[in-house]
Amino acid sequence: MAIADLANPSRFLTVAQPVLPWLAAISALALVLGISQSFAAPDDYQQGAAVKIMFLHVPSAWLAMFCWGLMSIAALGTLVWRHPLADVAGKAAAPIGAAFTLLCLITGSLWGRPIWGTYWQWGDARLTSVFILFLLYLGVIALWRTVEDPSRAGRAAAILTLVGAINLPIIKFSVDWWNTLHQPASVFRLGGPTIHPAILIPLLIMACALTLLFFTLHLAAMRNEILRRRVRTLQIMQAQKTAE
Amino acid sequence: MNAHVALFLRDVRLALRVGGGAWMGVLFFLIVVALVPFAVGPDSGLLRRIGPAILWLGALLASLLTLDQLFADDREDGSLDLILMGSAPLQLAILAKALAHWLTAGLPLVIAAPLLGIFFNIDLLSMAAVALTLLVGTPALTFLGLIGAALAAALRRGGLLVPVMILPLTIPVLIFGVAASNAAIVGPVPFGTPFTILCALSLAGLVIGPIAAAAALRHAD
């Protein structure tokens, strides 16, 4: 079944309805596996048990950026291909991405206190650019809530999403371009990861688990948004009928 | 006369004539900058250190205020529809409006900044540095603000939506503007490094701003 077939909201709902419980179950299992593996992983020789905050912090960061990337593709779907459900996908993803960004900032801050000695450092490029990403998420959500008509709001939010996408490479390469506080890349780099497999494997399992959780929440949110728009249309039709 | 030049001159004339949009921006700049010594206290050493940063913040907020109405007035009297229907590329028409806005709203801030530097006891070299960085950085603020103004053009009760959308994008401009000002005053970073990045941000804004704003206006109905 191609993406074009799912463009019909009703067909999307009938496909999503049975998928959602399975997706939720798999996410829960993966999270249980990931969390148990994280607890079983060895302590770091320097950081001790504090390194385990990484198992939540790094996947949250990856998902925060992945979500904006997903929203950017949805934005292209709205503006270029006029896919009917593209703006629904973008609107549903924004709060989830904001939550993961906030989780990344908070866990990173809690991790920084024992390791770096400070909760925050304003001069660091990665901290600043992820904070800007969080503000951009809030801006897109604000735009969605200010424009009344959903399809017009969708097009406006799509443009803002594409403009904000320039922040993603800045976040990724910020630790390469500036050498301040946040450590350089350890996983996605030329030459392969520099983390020992005993810690890398639980990290990847947690990343997969949180990604599955993201898709579960996203699918559920898309369903809610489609139903919300139907309620709105029905209310408008009702108001027109009583006005006659 | 070229259509874009005509649009540019029209916008300049309107901004200088109607309601003092240009003067209001400078006045707001003055008031905001004057509030800071009241809030922070009279310690002149502290004021001298934060002076360039406060001038940059004031310029940022003042240019945001004047950007709101960039497209709203034209939409209300119907000239935005004429511009959209025109045969000239919309991006260039928006660029003409943006340049007119910068000339009437951004440039007065640049001229006012050294005078307001007196509030902060800043010496001549520092004032010149701040003014130069503002000269190069305020175009970036105008071009980025274009995007927010175009997205919110159709809203009547937009309120604070445009600043909320645009301020995160202007944070890099602010960072490098203040970094360049401080580099000229105290070093140790050479002035050229943040200054050239600031120039690059303005040039990137010159391209991205009108394109995004044109897309926003075209998709608005």
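Starting afresh in each chain, residues are numbered from 1 along the sequence in its written order. Chain labels run from A onward and ligand labels from 1 onward, assigned in the order the entries are written. Local features in this predicted model are restricted to residues whose pLDDT is 70 or higher, and side-chain atom pairs enter the listing and the counts only when it is 80 or higher, whereas totals over whole chains, interfaces and linings include all residues.

### Topic: the overall build of chain B
Here's step 1: Elements are defined by DSSP. Helices are runs of H or I of four residues or more, strands are runs of E of two residues or more, and each kind is numbered from the N terminus. Counting its regular elements, chain B contains 9 helices and 0 strands.
Here's step 2: When its helices and strands are written in sequence order, chain B yields α-α-α-α-α-α-α-α-α.
Here's step 3: Throughout, radius of gyration means the C-alpha value; the globule benchmark is 2.2 Å times the number of residues raised to the power 0.38. The C-alpha atoms of chain B give 18 Å as radius of gyration, which agrees with the globular expectation for 221 residues (17 Å, within 12%).
Here's step 4: C-alpha extents for chain B along the principal axes are approximately 55 × 35 × 30 Å.
Here's step 5: Counting over 221 residues, chain B shows a buried share of 51%.
Here's step 6: Here, residues touch in the contact sense if the C-beta positions derived from the backbone fall within 7 Å of one another. Across chain B, contacts joining residues at least 24 apart in sequence account for 80% of those joining residues at least 6 apart. With C-beta atoms placed from the backbone, a residue counts as buried when 20 or more other C-beta atoms lie within 10 Å of its own, as exposed when 12 or fewer do, and as partly exposed for counts between those limits.

### Brief notes about the overall build of chain A
Here's step 1: From N to C terminus, chain A includes 7 helices and 0 strands.
Here's step 2: Considering only C-alpha atoms, chain A reaches an extent of 75 × 40 × 30 Å along its principal axes.
Here's step 3: Classification of the 244 residues of chain A by burial places 34% in the buried group.
Here's step 4: For chain A, restricting intrachain contacts to residue pairs at least 6 apart in sequence, the fraction spanning at least 24 positions comes to 77%.

### Focus: the interface of chain A and chain B
Interfaces are often sized by the amount of accessible area the parts lose when they come together.
Here's step 1: Facing the 15 residues of chain A at the interface are 16 residues of chain B.
Here's step 2: Those elements that provide at least two residues to the side of chain A that touches chain B are helix 4 (125-146) and helix 5 (150-164) of chain A.
Here's step 3: Of the residues contributing to the side of chain A that touches chain B, the split by class is 11 nonpolar, 2 polar and 2 charged. Just so you know the grouping, Ala, Val, Leu, Ile, Met, Phe, Trp, Tyr, Cys and Pro go in nonpolar, Asp, Glu, Lys and Arg go in charged, and all remaining residues, Gly too, go in polar.

### Examining the nonpolar core
Soluble globular proteins tend to bury their nonpolar side chains together.
Here's step 1: By our criterion, buried Ala, Val, Leu, Ile, Met, Phe, Trp, Tyr and Cys residues that link up through C-beta atoms within 7 Å make up a nonpolar core. In this structure, Cys-67 of chain A together with Leu-146, Ile-147, Ala-150, Leu-151 and Ala-216 of chain B are the most contacted members of the largest nonpolar core, which totals 130 residues.
Here's step 2: In contact with Leu-151 of chain B, other than residues within four places in its own chain, are Leu-143, Ala-156, Ile-159 and Leu-160 of chain A together with Met-165 and Ala-216 of chain B.

### Remarks on helix 5 of chain A
Here's step 1: Take the residue count of a helix, subtract one, and multiply by 1.5 Å to get its expected span. With 15 residues, helix 5 of chain A should reach 21 Å at 1.5 Å per residue; the first-to-last C-alpha distance of 20 Å fits that figure.
Here's step 2: For helix 5 of chain A, every residue scored as buried is listed here: Gly-154, Arg-155, Ala-156, Ala-157, Ala-158, Ile-159, Leu-160, Thr-161, Val-163 and Gly-164 of chain A.

### Things to note about the environment of Pro-163 of chain B
Here's step 1: Examined against the element boundaries, Pro-163 of chain B turns out to sit in helix 8 (residues 161-185).
Here's step 2: Separated by 98 residues in sequence, Pro-163 of chain B and Leu-65 of chain B place their C-alpha atoms 8.2 Å apart.

### Quick notes on the environment of Ile-195 of chain A
Residues and elements named next belong to chain A.
Here's step 1: Its location among the elements puts Ile-195 in the loop between helix 6 (167-177) and helix 7 (197-243).
Here's step 2: Of the residues examined, Ile-195 has 15 C-beta atoms within 10 Å and is grouped as partly exposed.
Here's step 3: Ile-195 has contacts with Ser-186, Val-187 and Leu-200, leaving out every residue within four places of it along the chain.

### Describing the environment of Ala-125 of chain A
Residues and elements named next belong to chain A.
Here's step 1: Considering the arrangement of structural elements, one finds Ala-125 in helix 4.
Here's step 2: In this structure Ala-125 comes out as buried when scored by C-beta crowding, with 20 C-beta atoms within 10 Å.
Here's step 3: Excluding its chain neighbours within four sequence positions, the residues that come into contact with Ala-125 are Ser-174, Trp-177, Trp-178 and Thr-180.

### What about the confidence of the model for chain A?
Here's step 1: What pLDDT conveys is the predictor's confidence in a given residue, as a value from 0 to 100. Overall, the prediction assigns chain A a mean pLDDT of 89, with 98% of residues at 70 or greater.
Here's step 2: Taken element by element, the predicted model of chain A shows its lowest mean pLDDT in helix 6 of chain A (85) and its highest in helix 2 (residues 54-79) of chain A (95).

### What to know about helix 4 (residues 69-77) of chain B
Residue and element names in this part refer to chain B.
Here's step 1: Taken together, the buried positions of helix 4 are occupied by Leu-70, Phe-71 and Asp-74. An end-on view of helix 4 places all buried positions within 65° of arc, on one side of the element. Among the exposed residues of helix 4, those pointing more than 90 degrees away from its buried face are Glu-76 and Asp-77.
Here's step 2: For helix 4, the elements touching its buried residues are helix 3 (44-67), helix 5 (79-85), helix 6 (90-116) and helix 7 (124-151).
Here's step 3: Where helix 4 terminates, the next one or two residues include Gly-78, which has phi positive at roughly 90°. The arc in question is the one spanned by the directions pointing from the helix axis to the C-beta atoms.

### Some words on the packing of helix 7 of chain B against helix 9 (residues 192-218) of chain B
Residues and elements named next belong to chain B.
Here's step 1: Relative orientation of the contacting elements helix 7 and helix 9 amounts to 20°, with a least axis distance of 8 Å. In this view, helix 7 runs roughly parallel relative to helix 9, as classed from their interaxial angle. Here helix 7 and helix 9 pass one another in a crossing that is left-handed.
Here's step 2: For the contact of helix 7 with helix 9, the class distribution of residues is 19 nonpolar, 5 polar and no charged. To get an axis, a line is fitted to the C-alpha atoms, and for a helix only the part in contact is used. The angle between two axes follows their N-to-C directions and goes from 0 to 180 degrees. For classification purposes, angles smaller than 35 degrees are called roughly parallel, those larger than 145 roughly antiparallel, those between 65 and 115 roughly perpendicular, and all remaining angles oblique. Two helices cross in a left-handed way if the nearer one is turned anticlockwise from the farther one by less than a right angle. They cross in a right-handed way if the turn is clockwise.

### Some thoughts on unusual backbone geometry
Here's step 1: Positive phi values are uncommon outside glycine, yet Arg-82 of chain A reaches one of about 55°.
Here's step 2: Among the structural elements, Arg-82 of chain A can be located in the loop between helix 2 and helix 3 (86-116).
Here's step 3: Positive phi, close to 65°, is recorded for Asn-121 of chain B, a residue that is not glycine.
Here's step 4: On the secondary structure map, Asn-121 of chain B appears in the loop between helix 6 and helix 7.

### Quick word on the packing of helix 2 (residues 21-40) of chain B against helix 3 of chain B
Residues and elements named next belong to chain B.
Here's step 1: Axis separation between helix 2 and helix 3 bottoms out at 9 Å; the angle between their running directions is 145°. Where helix 2 crosses over helix 3, the two elements pack in a sense that is right-handed. Residues Gly-21, Gly-25, Phe-28, Phe-29, Val-32, Val-33, Val-36, Pro-37 and Val-40 of helix 2 pack against Leu-46, Leu-47, Ile-54, Leu-55, Gly-58, Ala-59, Leu-61, Ala-62, Ser-63, Leu-65 and Thr-66 of helix 3.
Here's step 2: Residue classes in the contact of helix 2 with helix 3 are distributed as 15 nonpolar, 5 polar and no charged.

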